[in-house]
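# Structural overview
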Amino acid sequence: MTRSAAFDKFVRSMIIDYSTWHDGEGYDLEALRAIEKMLIERNNEDWRDVEALGALGTPTANAMVRKALTVHNHQTRLEAAKWLKDERGGDVQREAVICEAIRTGELYGGLSQAIDQAMWHPTPATTDALFHAALERSGENAASAAAALLNIFKVTDDPLAWSERPLILRFVDAGGGAPREAAFCELCAKCGVDPAKYRQK
């Protein structure tokens, strides 16, 4: 059964007429199972598959969401960790996935999503990961981490930190060495954090 056929079949089952009401017919659960099977067969190809499986919430779907934690794609792992956060140890697991994406993800490959999650629900570990990213990562990756930190520490309430644009652009342009260190020290001063904690590692 194709995706559209399964969907259309389920939607048709939602229409109640006299015979459906009289006979006590429920929704077409077989169509729902077909949709679940199709998602599972995609083998966590995309973070949206994980989102859909998480929403279904069946034991089989949840097992597939757990499996998504092992894939290489940061976006898929972040989505899985989000759905599993209420399980035992889920918060620690989610924090680890966010930190890994901040360390190694790219802006259009999970880094943006990880930064958003770290900004909305900051922890000491994710905040440390952002400081390291601002100091050590390249160009726009470092700038995005710096903008998030300015939000976390209430220097600005704008996610893009437009009021701090001159500083953010220094992270884009500075490269490494002394220019990056200078930008990083200014960032730390605005956040009220000692830069030595990160420069020594």
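Now for a look at the structure at hand. (Residues numbered from 1 in each chain as written. Predicted model: local features only at pLDDT ≥ 70, side-chain atom pairs only at ≥ 80, totals over all residues. Heavy atoms only, no water.)

### Regarding the overall build of the protein chain
For clarity, the cut-off: Under the scheme used here, helices are H or I runs from DSSP no shorter than 4 residues and strands are E runs no shorter than 2 residues, and both carry numbers assigned from the N terminus. A 1.4 Å probe rolled over the protein chains alone gives each residue an accessible area, and that area as a share of the maximum for its type sets the label: buried under 20%, exposed over 50%, partly exposed in between. For every accessible area listed, the method is Shrake-Rupley and the probe measures 1.4 Å; residues are considered covered only by the protein chains on display.
A tally of helices and strands in the protein chain yields 13 helices and zero strands. Going from the N terminus to the C terminus, the protein chain shows its helices and strands as α-α-α-α-α-α-α-α-α-α-α-α-α. Looking at the protein chain as a whole, 42% of its 201 residues are labelled buried. Working note: accessible area of the protein chain is about 11,400 Å², and carbon and sulfur atoms make up 56% of it.

### Considering unusual backbone geometry
In this structure, N43 takes a positive phi of about 55 degrees despite not being glycine. Residue placement: N43 occurs in the loop between α3 (29-41) and α4 (47-56). Under the relative-accessibility criterion, N43 is labelled partly exposed at 41%. Backbone geometry at K154 places phi at a positive 60 degrees, although glycine is not the residue there. By the element assignment, K154 lies in the loop between α10 (139-152) and α11 (165-173).

### Details of α4
Residue pairs spaced three or four apart in an α-helix point in one direction, given the helix's 3.6 residues per turn. For clarity, the cut-off: Comment: arc refers to directions from the helix axis out to C-beta atoms.
Residues of α4 that are buried include every one of D49, V50, L53 and G54, and no others. Across the axial projection of α4, the buried residues extend over an arc of 135 degrees, all falling on one side. Turned more than 90 degrees off the buried face of α4, the exposed positions are R48 and A55. After α4 finishes, the residue G57 shows a positive phi value of roughly 70 degrees.

### A word on the state of the cysteines
Formally, a disulfide is one covalent bond, and it connects the sulfur atom of one cysteine to the sulfur atom of another. The condition is simple: Cysteine sulfur atoms are paired as a disulfide whenever they come within 2.5 Å of each other.
For the structure on display, the rule yields zero disulfides. C188 takes part in no disulfide bond, and the closest cysteine sulfur to it belongs to C185, at a distance of 6.4 Å. Residue classification places C188 among the buried positions, given a relative accessible area of 0%.

### Some thoughts on the side chain of E164
On the secondary structure map, E164 appears in the loop between α10 and α11. Looking at E164, the relative accessible area reads 13%, which means it is buried.

### Details of the environment of R180
The condition is simple: Contacts between residues were defined by any pair of non-hydrogen atoms, one from each residue, lying within 4.5 Å. Distance and chemistry together define a polar contact, namely a pair of N or O atoms within 3.5 Å, with one atom able to donate a hydrogen and the other to accept it when in protein, and with adjacent residues in sequence counting only for side-chain atoms on both sides.
Its location among the elements puts R180 in helix α12 (residues 177-191). Other than its neighbours up to four places away in sequence, R180 contacts A133, A134, L135, E136, R137, S138, G139, A142, F171, A174 and G175. A distance of 2.6 Å separates a polar atom in the side chain of R180 from the backbone oxygen of R137.

### As for the packing of helix α7 (residues 90-104) against helix α8 (residues 107-120)
Quick note on the threshold: Between N-to-C directions, angles span 0 to 180 degrees; the directions come from axes that are lines fitted to C-alpha atoms, helices contributing only their stretch in contact. Should an angle fall under 35 degrees it is called roughly parallel, over 145 degrees roughly antiparallel, and 65 to 115 degrees roughly perpendicular, with every other angle called oblique. In a left-handed crossing the near helix is turned counterclockwise from the far helix by less than a right angle, and in a right-handed crossing that turn is clockwise. All residues other than Ala, Val, Leu, Ile, Met, Phe, Trp, Tyr, Cys, Pro, Asp, Glu, Lys and Arg, Gly among them, are scored as polar; the first ten of these are nonpolar and the last four charged.
Where α7 meets α8, the closest approach of the two axes is 8 Å, and the angle between their N-to-C directions is 130 degrees. Taken together, α7 and α8 sit at an angle that is classed as oblique. Relative to α8, the crossing made by α7 is left-handed. Contacts between α7 and α8 involve R94, I98, A101 and I102 from the first element and G110, L111, A114, Q117 and A118 from the second. In terms of residue class, the contact of α7 with α8 is built from six nonpolar, two polar and one charged.

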